[in-house]
Amino acid sequence: MYFYYNIKNMKDKNFYIENYGCQMNISDSDIITSILLKNGFTQSKNLDEANIILLNACSIREKAELTLKKRLEQLKFYKKNKKIWIGITGCFSKQIKKIFLEKKIVDFFVSPDSYREIHNFINYSIIGKKYFFYDSIKKKNETYADINIIKQKNKKITTFLSITRGCDNMCTFCIVPFTRGRERSTDPNSIIKECERLYQNGYKEIILLGQNVDSYLWIYNKKNINQNQKNVVDFSNLLDLLAKKNPMMRIRFSTSNPHDMSNKVLEVISKHKNICKHIHLPVQSGSNKILKLMNRKYTREKYLFLVKQIKNIIPECSISHDIISGFCNENEEDHQDTINLMKEIKYNYGYMFSYSPRPGTYAYRKLKDNVPKHIKKKRLQEIIDLQRKHSFYRMQEHLGKVEEVLIEGESKKNNQYWYGRNTQNLIVVFPKKHLNIGDLVHVKIKNTTSATLIGDICI
Ligand code: 5AD
Ligand code: SF4
């Protein structure tokens, strides 16, 4: 017998959404929220008031998955005392699905390409239908174009906009191609419209998102375009179009795979004042042997050449990285290659991880996770310590300069200070004076830590 619950008797379908993982998941939470609100659901900011709890999951590293597991175990007790429905969205692995279906904690799973129908899936679940898993397999073209995302009224002036979904790169350590499917790009007209709409709604900065934004590609059907129009829009064309159409909107983007980044993109960044001068360029390792094992499709030499090109074309550009330490077969020499590459580049900042095998990936199936835990930990710490030194070194370059900063909110440490970001995506804090969130101001940098620039408004 299925448990039957009459939806009409429910005062409202009140959902609460909890977000884990990356910027793409944050952006997806907005998509899910918009679809549910448009379909008669209400949103609660408080778990206790909701009867539908959505966890927007992340499985990219073991640690993220453990956090999710812990949270689900907590919710198990919650479910005992109250009739609630728990759904998992986002990047969840087969393991999570199996464990939590068996434990009867999760009522439904909706994968990232099936959000357009999430309201129906929740309704099925509420009336007791046992459709547990709503998969993306058949929706390889879903880009959520023209969703008209409803943003929360939280005074934020910067927001995400996804331009590609999925990933075809198949880096051997990465679960994303399995959880988010094949890569596809959103229609440029929809991106341009959404960007304009966001500007009208008070946003001052958008962050274009994709697992690999530089491989963005839209091909028009030749029959539907006029002679003056290009039939192909690549990432450099898209950036150019957006920057021209919205000169008052700041534009950022993430993430760039070094393999796909072109000089054309760099030229466009350098040409437009409103495109921020920062590139997140995950290297993962400085060793050619490891890059090959990771299937990263570039060499250390090519990566270093690209960094040189960036600095030549956009001298003020900041560069950040992702590095995985302790990947399969990494020896001390490989680790030193990473250390030396870092020393050569002196990144502005970076995200550093210890390798964790993800079930289903090539590395999990075919390679041995053979670097002992204590060595992984030691190498990671060396990388973190070195990055801290480099971050501090790079921050010194800003001392005495006057920089343009977009005010994002109140500093967490001192409510008399604003915080914002400069074009290089570095945090700047400064005394409030008479200014407001969303103002673009000039700040003279007077002091730094390794993570923050401290300054004063220039009148
Ligand atoms: N183990 C450790 N780090 C990983 N990343 C992706 N998969 C793994 C893994 N299995 C890191 C990469 C990527 C970032 C988003 O997460 O550095 O760029
Ligand atoms: Fe994962 Fe590689 Fe795709 Fe990034 S580029 S999402 S690391 S497969």
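Remember, it's a predicted structure, so these values are computed and weren't measured experimentally.

Draft legend 1. Molecular detail of the overall build of the protein chain. The helix and strand inventory of the protein chain stands at 13 helices and 21 strands. Relative to its full complement of 459 residues, the protein chain shows a buried share of 55%. In the protein chain, the proportion of contacts linking residues at least 24 apart, taken out of those at least 6 apart, comes to 72%. Only carbon and sulfur atoms are counted for the fraction: they give 52% of the accessible area of the protein chain, which is about 22,200 Å².

Draft legend 2. Fine view of the packing of helix α8 (residues 263–271) against helix α10 (residues 300–313). Taken N-terminus to C-terminus, the directions of α8 and α10 make an angle of 25°; their axes are 9 Å apart at the nearest point. Between α8 and α10, the crossing angle belongs to the class labelled roughly parallel. Crossing of α8 over α10 shows right-handed handedness. Note on element contacts: α10 touches α8 through Gln309, Ile310 and Ile313, opposite Asn263, Leu266, Glu267 and Ser270. Taken together, the residues that form the contact of α8 with α10 break down as three nonpolar, three polar and one charged.

Draft legend 3. Main features of the site of ligand 1. Around ligand 1, a shell composed of Ile60, Arg61, Phe173, Gln284, Asp322, Ile324, Phe353, Ser354, Tyr355, Ser356 and Arg358 is seen. One nitrogen or oxygen atom from the side chain of Arg61 is found 2.6 Å from an oxygen atom belonging to ligand 1. Burial of ligand 1 by the protein chains amounts to 88% of its free accessible area of 400 Å². Taken together, the elements giving at least two residues each to the shell around ligand 1 come down to β15 (318–325) and β16 (349–354). Class assignment of the residues belonging to the shell around ligand 1 gives a composition of five nonpolar, three polar and three charged.

Draft legend 4. Seen up close, the nonpolar core. In this structure, Leu208, Phe235, Leu239 and Phe253 are the most contacted members of the largest nonpolar core, which totals 50 residues. Ignoring anything within four residues of it in the chain, the contact list for Leu208 reads Leu161, Ile163, Val213, Phe235, Leu239, Leu242, Ile251, Arg252, Phe253 and Ser254. Ala50, Leu55, Ala57 and Phe100 belong to the second-largest nonpolar core, a separate cluster that totals 21 residues.

Draft legend 5. Region of interest: the packing of aromatic side chains. This structure, assessed with the given rule, holds eight aromatic pairs. Between Phe173 and Phe327, the ring centres sit 6.3 Å apart and the planes meet at 80°, which makes this aromatic pair edge-to-face. Of this pair, Phe173 sits in the loop between β8 (164–165) and α5 (176–180) while Phe327 sits in the loop between β15 and α11 (332–345), and the two are 154 residues apart along the sequence. Each member of the pair, Phe173 as well as Phe327, carries the same accessibility label: buried. Measuring from centroid to centroid gives 4.8 Å for Phe327 and Tyr355, while their planes differ by 75°, and the two rings are edge-to-face.

Draft legend 6. Inspection of the sheet that holds strand β10 (residues 205–209) at higher detail. Pairing is parallel across the open sheet formed by three strands, whose spatial order is β7-β10-β13. Of all the strands in the sheet, the pair left with one neighbour each is β7 (158–162) and β13 (250–254). Ignoring strand direction, the axes of neighbouring strands in this sheet form an average angle of 25°. As paired strands, β10 and β13 are joined by five bridges and run parallel to one another. Along β13, the bridge assignment pairs Ile207 with Arg252. Docked against the sheet, helix α7 (residues 235–245) engages β10 and β13, running at close to 160° with respect to β13.

The rules behind these values
Residues numbered from 1 in each chain as written. Chains lettered and ligands numbered in written order. Predicted model: local features only at pLDDT ≥ 70, side-chain atom pairs only at ≥ 80, totals over all residues. Heavy atoms only, no water. Helix = DSSP H or I, 4+ residues; strand = E, 2+ residues; numbered from the N terminus. Buried < 20%, exposed > 50% of the residue type's maximum accessible area, 1.4 Å probe, protein only. Contact = heavy atoms within 4.5 Å. Areas by Shrake-Rupley, 256 points an atom, 1.4 Å probe, with all protein chains shown as cover. Axes fitted to C-alpha atoms, helices over the stretch in contact; angles between N-to-C directions. Parallel < 35°, antiparallel > 145°, perpendicular 65-115°, else oblique. Left-handed = near helix turned anticlockwise from the far one by under 90°. Nonpolar A, V, L, I, M, F, W, Y, C, P; charged D, E, K, R; others polar. Near = heavy atom within 4 Å. Polar contact = N/O pair within 3.5 Å; in protein donor to acceptor, adjacent residues only side chain to side chain. Core = buried A, V, L, I, M, F, W, Y, C linked by side-chain atoms within 4.5 Å. Phe/Tyr/Trp six-rings, centres within 6.5 Å; stacked < 30°, edge-to-face > 60°. Pairing = 2+ DSSP bridges.

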